[in-house]
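Architecture at a glance
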Amino acid sequence: MGKYNLRFIKPLISLSLGAAIITSAIVGGAEDASAATNYKISNGILVFKATKKVVRGTVTYKGKVYKNGQLFTGAKGNTYYKNGKKATGIYKERYYLNGKIYSGIAKGIYYKNGVKSTGTYKGTYYLKGKAYTGLVVDIYYSNGKKANGTYEGVFYLNGTAFTGLHPNTGYLYINGALNTVLKVFEGNLYNGARLNEGVIQYNGLWYAGKTVANGTITIPGGQIIIVENGRQTGTINSGPGSYYSVINEAIAKLGALKFYEVYTINHVTNLVDARRQYNEAKVAVDVAVARGAVTSEFGVNYWRLAAQSREIDRYEGRDTKEVALNKATTELARLEYTAVNSIRSATNLTTAKYQDDAATTAVEAARTKGAITSDFGTIYWRLAAQKTEIDRYEGRDTKEVALNKATPELARLEYTAVNSIRYAANLTTAKYQYDAATTAVEAARTKGAITSDFGTNYWRLAAQKTEIDRYEGKESKEVAITKATTELGKLKFTDDESIKDSTSLTTAKSQYDAAKKAVEAAIAKGAVTSDFGSDYSKLAAQGKEINRYEEVKPTAIKDATTKLVALIFYTENSIDDATKLAIAQTQYNAAKTAVEAAIAKGAVTSDFGSDYPKLAAQGKEINRYEEVKPTAIKDATTKLVALIFYTENSIDDATKLAIAQTQYNAAKTAVEAAIAKGAVTSDFGSDYPKLAAQGKEINRYEEVKPTAIKDATTKLAALMFYKDNSIDDATKLATAQTQYNAAKTAVEAAIAKGATEADFANLANLAAQKTEIDRYKAQAEAEKAEAEATAAAKSFREAHEKALTLTVENVGVKNEAEVKAALSAYDKLSKAAQGKVSDGKDHLDKLSEIITKLIEDIKVQNIANEVITALEKINWKDAKKEMVEYGMTETKEAQWHISNIKDAVVKVAYQNRLDIVEAAILAREEAISREIKVVKTGVKDI
């Protein structure tokens, strides 16, 4: 017993040291300085080098994080790892980037603190992470952007329901809806979506077209009245006949009503027309009634007026209970924050309130139409649920909401079992869970909850507190004794020879270590051996059985070694008859049984010495002798199955012939080898007839090649255009091409059947005829190109004859357009055509250069003229000194421009004008000098 105890002391110390190292490791931080020397990877598992035991806890080794020896996947703190590395992806409904909780856009999804979020980010609105299309607080978004367009029948511009004239159609919209009534907008009257046409009365004013009427107008019914700013001030014709014309106008307008039946309005365009028709008919009827008409005078279509009004109301949703219910159920279906804790941010709250208001309004509107609660269907509950969630988020939780918070926190407590907290990291998590659950429970109690309200998981709170206290060293002596007696009760190998093999030995040692450790821990708390009860004696008994089993192993090794020495058929081909096979099998079975028995008692292969390899060798020799014939048969059948050219005409080229011959030779050789080992033809199965069939197909194909060579030779002999310049027209070209194609096809077919170039006479004629064909085609193309170039050059000269006949003497600025057109046309010609009119191009370039210079000269003339004209307009006799100085400067500017004028006549004319101006300036300059002298001396010049 003492021997066993000493052998277990060192492992216990190593385990304690390892636990101390693990506890101090920091996840994701700098690697433990001792990691490289203390740990290693074994079969993908992180273990201690010294003990080869799995490293428990969470540690960093060579830049990777391991948990309990395995590469860690999960979250620690706010960092996410996958296979030991900081990772990117979704983990427990949170998105991480390079291990960190991410805020921003990833793969088109908006995350805030790792959660798909709702709100505006960089100008785009997201709902639960996705760029949103729809309405939010009356703003229309498309893919997250405030958008233009029609949504649910409303037209939006920059996200807002549009009021104004549509930028494309010019139609009038009011709050996003196409206008369907008489309405004044920006001072103009609209009849529906379009400007009013004709005379109509609106809000007591008469309008003529789009504007308030003034003067004399003819109103519906034919009466002529006088109006001022839309108001009637007099009547011109009220004589006989005017009354009936008013009646007739009303009857005509009633007859024009087209949307008086139910569901005839099915589009907003119909609605616009229906409104316009109704307004016109209503005005005509009102005018007639004002003249004294009664309803019976309006004829059989009078009923249509009220019917069309009802149809307009139906389409606009202002009539039936059913329409109101449809609106209400749509809004109820949009309520998306009905679940507890679904509102998680202020943005969620805003959206939830907007949805709640819209649904409440729609429900109340439906109730005014006669709807009752049951009419709203199975989704009516969502209204109250969303209101409850709004109240919860705003701090108005009920007792039930508080309980709903507490029970999930209790369910999350995962360290309720004894010894479930094993590392510092477990302790941190356990405390966090305990605090969260305790807070939630206390909050529920403030709302009136009692213990029974928390359900079946309430016990977990106290259990996790007990486990936290245990791990922190607050266990009692009684708890330690309970643990020890539990482990003693698990000891199952206390009887003699109860350990039968190495597996049970491992189990026995594990039980012994756990019980011994628990007993020592209890004694450290003050327990004595009598505290452990009757099972305490099992500890010594199991230790004794472990020692016994470990002393049995040497005897088993000796027995196995003796039987390995007796093996004599371990060399290749040493078994050559049935007698030797029987002896070899007996020896092999005895040695194998002895070796397995020794291994079961803890032996390893090195314990059996140099004779151990004989066991595998003799087994191999036995298998070799037993498997020679079957192996040969199997090889032969495999090669027979591989035959694929055994049907007639399956070989149609040289490549397939080569494959068929290789398959045939391999199968024939394998069959003959198997027969030599005792096989018969029936052993090869249904594929054996393929061998003869493939041989027959090979022979058939080998007789086809001469026929193919003969056909190719005949077609080669038919070639007659293989000499230079033998093709001189299109007919011969066609014949030559046909001959060439036929010969080429025949040669390729013969080669595919195994022929070589040496088999064909006149083969060189094939390439020669192809060369002659290509020559004639090239010549024809060149002639065609030459003809096209000549025609293009001719067309160019004809089209631009005027420009080409200009000379350097008579060309002027007026010819600029035609010269440019000619040069542009030249650039579009082919290179060949350009070559034919190159002289014209040179001439046009010279003309273009002259025109450019003329234009430049005109610009210089214009500048000189502007300066001289400006100077001529000045009265130099009375000019001040400053003006004279300015004039001198400007004359120099003008002189410079005149010196650059190329037109000699213009140059002289401008120079004469400038000389006159310059003389006037100089005269005034001299006069000013005399005046200054008089002022200084008082003496005038004589």
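Residues numbered from 1 in each chain as written. Predicted model: local features only at pLDDT ≥ 70, side-chain atom pairs only at ≥ 80, totals over all residues. Heavy atoms only, no water.

1. A look at the overall build of the protein chain
For the protein chain, the count of helices and strands is 27 helices and 35 strands. Here the C-alpha atoms of the protein chain give a radius of gyration of 55 Å, more than 25% beyond the 30 Å that 2.2 N^0.38 yields for 942 residues. Along the three orthogonal principal directions, the C-alpha set of the protein chain runs to about 155 × 110 × 110 Å. The long-range share in the protein chain, meaning contacts at least 24 apart out of those at least 6 apart in sequence, stands at 57%. When the accessible surface of the protein chain is summed, it comes to about 52,900 Å², and 54% of that surface belongs to carbon and sulfur atoms. The centroid of the 128 positive side-chain charges in the protein chain is displaced by 7 Å from the centroid of its 111 negative side-chain charges. (Helix = DSSP H or I, 4+ residues; strand = E, 2+ residues; numbered from the N terminus. Rg over C-alpha atoms; globule rule 2.2 N^0.38 Å. Contact = heavy atoms within 4.5 Å. Areas by Shrake-Rupley, 256 points an atom, 1.4 Å probe, with all protein chains shown as cover. Lys, Arg positive; Asp, Glu negative; His and termini not counted. Charge placed at Lys NZ, Arg CZ, Asp CG, Glu CD.)

2. Focus on helix H9 (residues 399-411)
Under the 1.5 Å per step criterion, the end-to-end length of H9 is 18 Å for 13 residues, consistent within 8% with the ideal 18 Å. Residues of H9 that are buried: Val401, Ala402, Leu403, Ala406 and Leu410. In this structure, the buried side of H9 is in contact with helix H8 (381-393), helix H10 (424-446) and helix H11 (459-471). (Expected span 1.5 Å × (residues − 1). Buried < 20%, exposed > 50% of the residue type's maximum accessible area, 1.4 Å probe, protein only.)

3. Quick word on the UniProt feature "coiled-coil region" (unreviewed entry) in the protein chain
In the UniProt entry, the feature "coiled-coil region" (unreviewed entry) is given for residues 766-793. As annotated, residues 766-793 has a helix share of 100% and a strand share of 0%, and its two end C-alpha atoms lie 41 Å apart. (UniProt positions renumbered as here; feature names shortened; annotations may be inferred.)

4. Some thoughts on the pattern of salt bridges
Side chains bearing opposite charge may pair, as long as their charged atoms lie close to each other. Counted by the stated rule, this structure contains 42 salt bridges. Between Glu280 and Arg276 there is a salt bridge whose closest N-O contact spans 3.9 Å. Pair noted here: Glu280 and Arg276 are both in helix H4 (residues 268-290), with a separation of 4 residues, about one helical turn. A relative accessible area of 24% places Glu280 in the partly exposed class. A salt bridge links Arg930 to Glu926; the nearest nitrogen and oxygen atoms lie 3.4 Å apart. Of this pair, Arg930 and Glu926 both sit in helix H27 (residues 904-937), 4 residues apart, roughly one helical turn. Residues participating in the shared-partner salt-bridge network are Arg194, Glu249, Lys253, Asp273, Arg276 and Glu280. (Salt bridge = Lys/Arg side-chain N within 4 Å of Asp/Glu carboxyl O.)

5. A closer look at unusual backbone geometry
With phi around 50°, Lys122 is a residue other than glycine that occupies positive phi space. Among the secondary structure elements, Lys122 is positioned in the loop between strand S15 (119-121) and strand S16 (124-127). Take Lys122: its relative accessible area is 70%, and that puts it in the exposed class. In this model, Glu497 sits at a positive phi of 60°, which is unusual for a non-glycine residue. Following the sequence through the fold, Glu497 ends up in the loop between helix H12 (477-489) and helix H13 (502-524).

6. Concerning the sheet that holds strand S18 (residues 134-136)
In spatial order, the strands read S18-S19-S20; together these 3 strands make up an open sheet with antiparallel pairing. The open sheet has two edge strands, S18 and strand S20 (145-146), and neither has a second partner. Across 2 bridges, the pairing between strand S19 (residues 139-142) and S20 is antiparallel. Across the sheet, the residue bridging to Tyr141 is Lys146, located in S20. (Pairing = 2+ DSSP bridges.)

7. Section: the side chain of Gln769
Within the secondary structure, Gln769 sits in helix H21 (residues 763-799). Here the side chain of Gln769 touches Gln739 through a polar contact of 3.0 Å, side chain to side chain. If we skip the residues at most four places from it in the chain, Gln769 touches Leu719, Met720, Phe721, Tyr722, Ala736, Gln739 and Tyr740. (Polar contact = N/O pair within 3.5 Å; in protein donor to acceptor, adjacent residues only side chain to side chain.)

8. A word on the confidence of the model for the protein chain
On average, the protein chain scores 86 in pLDDT, and the residues at 70 or more come to 93%. The least confident element of the protein chain, judged by mean pLDDT, is helix H1 (residues 2-24) at 37; the most confident is strand S32 (residues 211-212) at 94. A low-confidence stretch, residues 1-30 stays under pLDDT 50, and its non-local contacts, those more than four residues away or across chains, total 47 contacts. (pLDDT = per-residue confidence, 0-100.)

9. Re the packing of aromatic side chains
The tally for this structure, following the rule as stated, stands at 26 aromatic pairs. Plain terms: the ring middles of Tyr39 and Tyr61 are 6.2 Å apart, the flat faces sit at 65° to each other, and that makes the pair edge-to-face. Of the two residues, Tyr39 sits in strand S1 (residues 39-42) while Tyr61 sits in strand S3 (residues 58-61), which places them 22 residues apart along the sequence. Judged by relative accessible area, which is 6%, Tyr61 ranks as buried. For the ring pair Tyr95 and Tyr111, a centre distance of 4.5 Å and an interplane angle of 15° mean the geometry is stacked. Linking Tyr95 in strand S10 (residues 94-97) with Tyr111 in strand S13 (residues 109-112), this pair joins segments that are 16 residues apart in sequence. Given the relative accessible area of 9%, Tyr95 is considered buried. What links up through ring pairs into an aromatic cluster is the set Tyr39, Phe48, Tyr61 and Tyr66. The residue whose ring lies beneath Lys128 is Tyr337, and the NZ or CZ to ring-centre distance is 6.0 Å. (Phe/Tyr/Trp six-rings, centres within 6.5 Å; stacked < 30°, edge-to-face > 60°. Lys NZ or Arg CZ within 6 Å of the ring centre and 35° of its normal.)

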